[in-house]
Amino acid sequence: MKKIALSKLNDFFAAIAAEEKLYLPVDGEKGTDYKLWSEGVTYSRALNTNRSAKDFFFPQTENIVDFKREGKTIEVIDTRTEAEDFVVFGVRACDARSFGILDKVFLADPVDSFYASRRAHGTIVTMACTRPAETCFCGAFGIDMTAPEGDISCWIAEDALWLSANTEKGEALLNKVASLTEEGDTAAVDAQKAAVKEIAKKLPLQNLPTDAFKGDVLLEKFNSAKWPELSKACLGCGTCTFVCPTCQCYDVFDFDTGHGVKRARCWDSCMYSDFTKMAHGNSRNSQVERFRQRFMHKLVYFPMNNGGEFGCVGCGRCLSKCPINMNIVKVMKSLGGDAE
Amino acid sequence: MQELMKNRAIELLSAGEVDRVVGWKKGEFAYDCTPAIFTDANDLRDNFVYDDFTAPNLSKYLVAECKKGGKMAVFLKPCDTYSFNQLQKEHRIKRELIHVIGIECNGKADVDKIKARGVDGITGITSEGANFVVETIYGNETMPKYEVMAERCLTCKSKKHMVYDELIGETGDVNPDCGRFDMVAKLEAMTPDERFAFWRGELSRCIRCNACRNVCPACTCEQCVFDNPNSGIQQKVAVTSFEENMFHIIRAYHVAGRCTDCGECSRVCPQSIPLHLLNRKFIKDMNELYGEYQAGEDTTSRAPLTNYNMDDCEPSIVHERGGKA
Amino acid sequence: MQVNNEFRPTIVAFCCNWCSYAGADLAGTNRATYPADVKIIRVPCSCRVNPMFILRAFQRGADGVILCGCHPGDCHYTSGNYYARRRMTMLFSMLDYLGIERERTRVEWVSAAEGAKFAATMNEFVETVTKLGENKRLEDLRCKN
């Protein structure tokens, strides 16, 4: 394991930023968000960012192709560009797991070339949690907040930053900053891991049971009588889906510029009235159905298609952001009771 | 307070005077609640909650509930009664189906403000006089309530119920000196460049989740213009800064003269954009140019934008009065 | 060919059918001149102009938007321009509040007999907007390239 004294953290960031773009969580007036590092920017050790790290690979909107009209000719312009190398520092364990879930969607055949390009050029440096909150339920999905995945895993323990590369990409990045790092033993990190695990035991949702959603439960959950009651207060806004690190639905639309068309895609939300609207109309006409779609997707459909892996990472953003506090934890607790 | 409300609701329900009660349901943590429609006395007994965190304005739920028919009771805080009146004025709810129980409110707490103090891992919150004792897995913290009170409650315009059939607790007074326009005035005093920078900073954070629109008691259109694909406006994206500006200008404009300043938009915004400052600008302008008007004060008056005077000011007043050039 | 790189603004003028559009007509018949940068859109009444029209004009490349209607009291539909007056006051005030240059928007009452006023107003407005330069704060880049 490598280590860097915290006093040299700025040099570490500068060394990375000299090579490629570096993004990290920065405190703002209204919470923490990822920002581009430049001299003078301070790394925030806040538990998590307002928006998830999926923005780096799957941005909220992106242009996919342009059509330009001149006289009677239409020119088709491929707007794709190869992404530049970049590093995202300070990703938490929950968000780090979300990339694996998004990969299963976007890197499966047919590969999404926009996403693939960003994934190939992005290096993820994760940071272990030391002060989890009551809204954290990553443990329910088998995520260890003290040992995050990613190309490089980091810990801040005592007065040093500890780094451990997990992939070739991670090794390559560590080699670039080799002059700043020194070898260290794992004692401090191990002590921290043990301490945080003790804290995690006190959190109310870390051991949220997921068994009720395993196995052949599709029809049982789909037909549950509890959906109308659960969704009654739902406003039908897209907050939960837009702050979610694993929500991956998108819509494609054309914008008429007056002299051509710009085709773009943007995040879609199953909470919206025009979600999956087709020529024949809409397949889900009530908020109950739309609400059910979101949770069925995360807890039943996605695991069924992906070897039992749930489509939720327990980051807790939807718990704290939902205007009416209806969330996946309440749904799981309520529907979990069905099996008993 | 909570017990009084609960008992009264159960009483109404058991007596068959109403067949449902619109209230708040206890949540997962000490600070969250979900609006709920109770039809069962036992459910009420176990899950009904009214405390320092029951902030959601329940009046909008009545629009959907009224379509179902049947009598219902609803709990309304003073600010919610303004929304109620406004909905009645617009014929969105049926007054005769609703039994309004006005409830006393001394301001609601904003859990984000508690968390912004670095308090994590909250396992319980108890109210002790003017303080909150927040229990967390990292230890207890005591803090004065007013320091973590929601922004909208710090500038509460009225503790007086505009409408009720019965009252639990006290009804208070209208407070014209609440200072709710102070921030608007501060912005007006800035230069256009400063104002532009301020609003770009705020609006560029918008993720177009539409929570502000969906929670708004004034936004009750059957189909919103932003949901109509034929309008040529995107519903769920803001590709350019223009669209961010446009959505918020148009939304504020659509509720101008109808907005009661309940503050739900700013409460629900996941990106903490001070949306109420847009609505308050309209309210302030209308007060200054067309005479004092408070939406939701009554159910009959005409709103400023559906009314006129022969001697109204000309639009050029915008060029002439206040604010730096 | 001579290329003129000087900035010419795009001005959208919403004119009511009954007064201002006729006023513009009169300006033409009288050979009164005003810049060709002004694009007139005829509307049944100044009250027809939805705030969204104004924003949309800016999105599509306008540098200035002016609304012309009958003088207050002379509306063909009795009261349309009274409503328009309040509406535009509110909208312009909001745009100003967001830091968008207030000189880019304007309302002027022009009757069918005021051809000269129409031309003078347009000359003045084009001049004002030319000084302000391109509309940057309410632009939609997608429409520009």
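Here, the structure is the one placed above.
Structure report, in brief. (Residues numbered from 1 in each chain as written. Chains lettered and ligands numbered in written order. Predicted model: local features only at pLDDT ≥ 70, side-chain atom pairs only at ≥ 80, totals over all residues.)

### Here's the deal with the overall build of chain B
Here is step 1 of the chain: Per the secondary structure count, chain B includes 13 helices and eight strands.
Here is step 2 of the chain: For 325 residues, the compact-globule estimate of 2.2 N^0.38 gives 20 Å, and the C-alpha radius of gyration of chain B, at 21 Å, lies within 12% of that figure.
Here is step 3 of the chain: Referenced to the eigenvectors of the C-alpha coordinate spread, the extents of chain B come out at roughly 60 × 50 × 40 Å.
Here is step 4 of the chain: A total of 325 residues make up chain B; the buried ones form 47% of that total.
Here is step 5 of the chain: Partitioning the contacts of chain B with sequence separation of at least 6, the portion at a separation of at least 24 is 67%. (Helix = DSSP H or I, 4+ residues; strand = E, 2+ residues; numbered from the N terminus. Rg over C-alpha atoms; globule rule 2.2 N^0.38 Å. Buried ≥ 20, exposed ≤ 12 C-beta atoms within 10 Å, placed from the backbone. Contact = placed C-beta atoms within 7 Å.)

### A look at the nonpolar core
Here is step 1 of the chain: One finds Val-88 of chain A, Ala-9, Val-21 and Val-74 of chain B together with Ile-11, Cys-16 and Met-94 of chain C to be the most contacted residues of the largest nonpolar core, which totals 223 residues.
Here is step 2 of the chain: With eight residues, helix 3 (residues 80-97) of chain C is the single largest residue contributor to this core.
Here is step 3 of the chain: Contacts of Val-21 of chain B, omitting those with residues within four sequence positions, involve Ala-9, Leu-12, Leu-13, Phe-38, Leu-44, Met-72 and Ala-73 of chain B. (Core = buried A, V, L, I, M, F, W, Y, C linked by C-beta atoms within 7 Å.)

### Points about the interface of chain B and chain A
Here is step 1 of the chain: Every contact between the two is made by 32 residues of chain B and, on the other side, 40 residues of chain A.
Here is step 2 of the chain: Of all elements in the fold, only strand 2 (33-38), strand 5 (122-128) and helix 9 (211-215) of chain B reach the threshold of two or more residues within the side of chain B that touches chain A.
Here is step 3 of the chain: Ranked by the residues each element gives to the side of chain B that touches chain A, the list is headed by strand 2 of chain B, at five residues.
Here is step 4 of the chain: Its residues assigned to classes, the side of chain B that touches chain A comprises 17 nonpolar, ten polar and five charged. (Nonpolar A, V, L, I, M, F, W, Y, C, P; charged D, E, K, R; others polar.)

### What about the pairing of strand 2 (residues 21-28) of chain A?
Successive side chains on a regular strand alternate, one facing one side of the sheet and the next facing the other.
Residue and element names in this part refer to chain A.
Here is step 1 of the chain: Here strand 2 runs beside strand 6 (residues 86-91); their pairing, made up of three bridges, is parallel. Pairing of Tyr-23 across the sheet is with Val-88, part of strand 6.
Here is step 2 of the chain: In terms of strand pairing, strand 2 meets strand 3 (residues 31-36) through six bridges, oriented antiparallel. Paired with Asp-27 across the strands is Thr-32, a residue of strand 3. (Pairing = 2+ DSSP bridges.)

### Here's the deal with the packing of helix 12 (residues 276-290) of chain B against helix 3 of chain C
Here is step 1 of the chain: Where helix 12 of chain B contacts helix 3 of chain C, the axes come no closer than 10 Å and their chain directions differ by 130°. Looking at the two axes, helix 12 of chain B sits oblique to helix 3 of chain C. Between helix 12 of chain B and helix 3 of chain C lies a crossing whose hand is right-handed. Contact residues: Lys-281, Phe-282, Asp-285 and Leu-289 of chain B in helix 12 of chain B; Thr-89, Met-90, Ser-93, Met-94 and Tyr-97 of chain C in helix 3 of chain C.
Here is step 2 of the chain: Residues that form the contact of helix 12 of chain B with helix 3 of chain C fall into these classes: five nonpolar, two polar and two charged. (Axes fitted to C-alpha atoms, helices over the stretch in contact; angles between N-to-C directions. Parallel < 35°, antiparallel > 145°, perpendicular 65-115°, else oblique. Left-handed = near helix turned anticlockwise from the far one by under 90°.)

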